[in-house]
Amino acid sequence: MITLKIDGIEVQVPEETTVLKAAEKVGVWIPTMCHNDLFEPYAVCRLCSVEVVRGKRSRVVTACNYPVSEGIEVLTDSENIRWIRKFLMELILSRWPNVKVVKEMAEKLNVGKPRYESLEKDEAEDACILCGQCVNVCREVVQANVIGFSYRGIKREVVLPLGEQSDKCIVCGACALVCPTGHIKMVIEDYKGKKPEFTLGPKTSIYVPTMQGIPRVPVIDAESCIHFKTGGCEVCAKVCEPHAVNYDMKDEIVEIDVGQILLSTGYDIFDASKMTQFGYGRLNDVYSSLEFEMMLSSMGPTSGKVLTKDGKEPRSIGIVHCVGSRDTNHHPYCSRVCCMYALKFAHLVCDRTDAEIYQFYIDMRAFGKGYEEFYVRILDEGVKVIRGKVAEVSEVTSSGEYKNQLIIRCEDTLAGKILEVPVDMVILCNAIEPRKDIDAVRRLFSISKSPDGFFLERHPKLDPTSTMSDGIYIAGCAQGPKDIPDTVAQASSAAARILSYISKGEVEIDPVRAWIDDKYCAGCRICNNLCPYTAIDFIEEKKISQINDVLCKGCGTCVAACPASAITGKGFSDAQIVAELEGLLAI
């Protein structure tokens, strides 16, 4: 450890610590406009100049890159230092008089109107002040080396190689992040024709997928992470105290033996771009339900504020129910949750904005406990509820009162009128639909699916948790659309069923099973391909098929298909049936 004094305050710091960091430790402020902890400091602004005294010798150094040494005394507010900083600040202010960070720093240093007139004055509010932070972060952190300095002295400027866009630029946004004036901006392209989910705001490459998830740990998106593109950055690994970031980890498949499985695969939402009349992916400010949910989140891109694409608070919002639900062209079933989360959206928008809210519905299905009361509360809050299916969402391009607004056309079936409602934002309540990989999962676990595409339960009322395959259970939207209370109830039921079998230690199976008589089996393998439960295996040594009693459900498919009549149902053999008939006839 090194011992030194800063403005008379004694402090101990590790070797190689800079004067700037040592001063921060004791709470002494040293001004700087070019320093950043992400990269090596090089003191281009010189505002961090301090006076270092060793014995009788005194010298002026820059605090951001000057390492401390034993016994020195640092003066950060001497008369000499104040004059140097004032002189430098006047030069900076004379060249960039309207930049916010420059004016704020001048105010802190008590610098008013500069005495000098710059020959290269830039009066833009977002002018480049040549701090070099963008150059350093691109070179040292990103390691793309796309941005650099050109010329010297007063003609110096930050440029791209040869003044043209380079293919080496990975559009990571690091330069825009460290730019103190906003001179470098990340410009989002017009997303007409694209999914609006990519325009709600910046997303980092390391994030927590679900804040309610357990364990709540972050993940790295390798496709957008700077390190996986250039080999640089590694900032997250440097700041992680437990050293939990490992860039060398690979995806792996782990095989474990289990006795019971609970399938809770979740759901997908309907792609509203298939219904072109709503303008999703084509018109500005048309969002899906999950995208708007992201916007409402305090950790979302807008920090929970309801904003349009141009950053303004909407004056009116239209919420469209049943997008893809109760539609024979897409999904004929009801998605159940749409009505209530649409009412929740209206309530939150009322709480955060002064916007007029319109709900366009077919039938309001407030079926749960307290749901009808919540519906009444929304009506009391002034939400306008219109019963009628939306025909079209279009954009007003001509001049007039509603220019650049969205127009929702629908029929109010209660009033018997055709309406055109101008709004600034449209929220689509997308249908809940099965996951895209549901067929692969179904085949993997030998279970069935219902006509709506979701997993089929053993019985819709008496046994909604289990499937026709013993030990395979389903819960949540894997079985069908449902809200959170129903999902929790079904998941608890499935967990209880699983625990009950574990506590028994032994499992009883139904006696109804198929049986193969080895004497008559010709090894044709017809039954192997027909068994829906994959309960029949072919024994190569004996050239015959054999049934696994645990997997067999006694459905009789193999019994009916066997050309040699080698397969019979246990308890239902021909001899047993004939004996039963003889007994009946004898009576």
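Residues numbered from 1 in each chain as written. Predicted model: local features only at pLDDT ≥ 70, side-chain atom pairs only at ≥ 80, totals over all residues. Heavy atoms only, no water.

## Let's talk about the packing of helix α8 (residues 289–296) against helix α9 (residues 338–352)
Which entries qualify depends on this criterion: Under this scheme, a helix contributes an axis fitted over its contacting stretch, all axes are lines through C-alpha atoms, and angles between N-to-C directions fall in the 0 to 180 degree range. Counting from the N terminus, the helices are the DSSP runs of H or I reaching at least four residues and the strands are the DSSP runs of E reaching at least two. Crossing handedness follows the turn of the near helix against the far one: under a right angle anticlockwise gives a left-handed crossing, and clockwise gives a right-handed one. Two residues form a contact once any of their heavy atoms are found within 4.5 Å. Gly is placed with the polar residues, together with every amino acid not listed as nonpolar (Ala, Val, Leu, Ile, Met, Phe, Trp, Tyr, Cys and Pro) or charged (Asp, Glu, Lys and Arg).
At a minimum axis separation of 12 Å, α8 and α9 run at an interaxial angle of 35°. Judged by the sense of rotation from one axis to the other, the crossing of α8 with α9 is left-handed. Facing α8, whose interface residues are S289, F292, E293 and L296, α9 presents Y341, K344, F345, L348, V349 and R352. Residue classes in the contact of α8 with α9 are distributed as six nonpolar, one polar and three charged.

## Structural notes on helix α15 (residues 574–586)
Stated precisely, the cut-off is as follows: Expected helix span is taken as 1.5 Å per residue step, with the number of steps being one fewer than the number of residues. Each residue is assigned to one of three classes by its accessible area relative to the maximum for its type, calculated with a 1.4 Å probe on protein chains only: buried under 20%, partly exposed between the two thresholds, exposed over 50%.
Compared with the 18 Å implied by 1.5 Å per residue over 13 residues, the 18 Å span of α15 between its first and last C-alpha is a close match. Counting buried residues in α15 gives zero out of 13 residues, a small share hidden from the surface.

## Side note on the sheet that holds strand β17 (residues 406–412)
Stated formally: Two strands pair if DSSP finds at least two bridges between them.
Spatial strand order, β16-β17-β18: three strands in an open sheet with antiparallel pairing. Each edge of the open sheet is held by one strand with a lone partner, namely β16 (390–395) and β18 (417–423). Neighbour to neighbour, the strand axes of the sheet diverge by 20° on average, direction disregarded. Strand direction decides the pairing type here: β16 and β17, joined by five bridges, are antiparallel. By the bridge assignment, V390 is partnered in β17 with C410.

## Structural notes on the domain arrangement of the protein
Rules: Each domain's extent was defined by an automatic or database domain assignment.
Domain annotation of the protein identifies domain 1 (2–77), domain 2 (275–433), domain 3 (438–504) and domain 4 (514–586). Relative to domain 3, the C-alpha centre of domain 1 lies at a distance of 65 Å.

## Some remarks on unusual backbone geometry
Its identity as a non-glycine residue notwithstanding, Y151 has a phi of 65°, on the positive side. Inspection of the secondary structure assignment puts Y151 in the loop between β6 (148–150) and β7 (157–159). The phi dihedral of K543 is positive, around 60°, even though this residue is not glycine. Here K543 falls in the partly exposed class, since its relative accessible area comes to 49%.

## Here we look at the environment of I509
Its place among the elements puts I509 in the loop between α12 (484–504) and β22 (514–516). Between the alpha carbons of I509 and K553 there is a distance of 9.2 Å; along the sequence they are 44 residues apart.

## A closer look at the pairing of strand β19 (residues 425–430)
Buried residues dominate β19, accounting for six of its six residues. Where burial is concerned, the two faces of β19 agree: the one with M425, I427 and C429 and the one with V426, L428 and N430 are both buried. Taken together, the three bridges between strand β12 (residues 286–288) and β19 define a ladder with parallel strand orientation. Among the inter-strand pairings, V286 is bridged to a residue of β19, identified as V426.

## Observations concerning a nonpolar patch on the surface
Our working rule: Exposure above 30% relative accessible area and the absence of a salt bridge qualify a residue for a patch, where like charges join within 9 Å and nonpolar side chains (Val, Leu, Ile, Met, Phe, Trp, Tyr) within 5 Å. Computed with the Shrake-Rupley method and a 1.4 Å probe, the accessible areas treat only the protein chains shown as cover for residues. Whenever Lys or Arg places a side-chain nitrogen within 4 Å of a carboxyl oxygen from Asp or Glu, that contact is recorded as a salt bridge.
A cluster of nonpolar side chains, V512, F572, I577, L581 and L584, forms an exposed patch at the surface whose accessible area comes to about 470 Å². By the secondary structure assignment, L584 is in helix α15.

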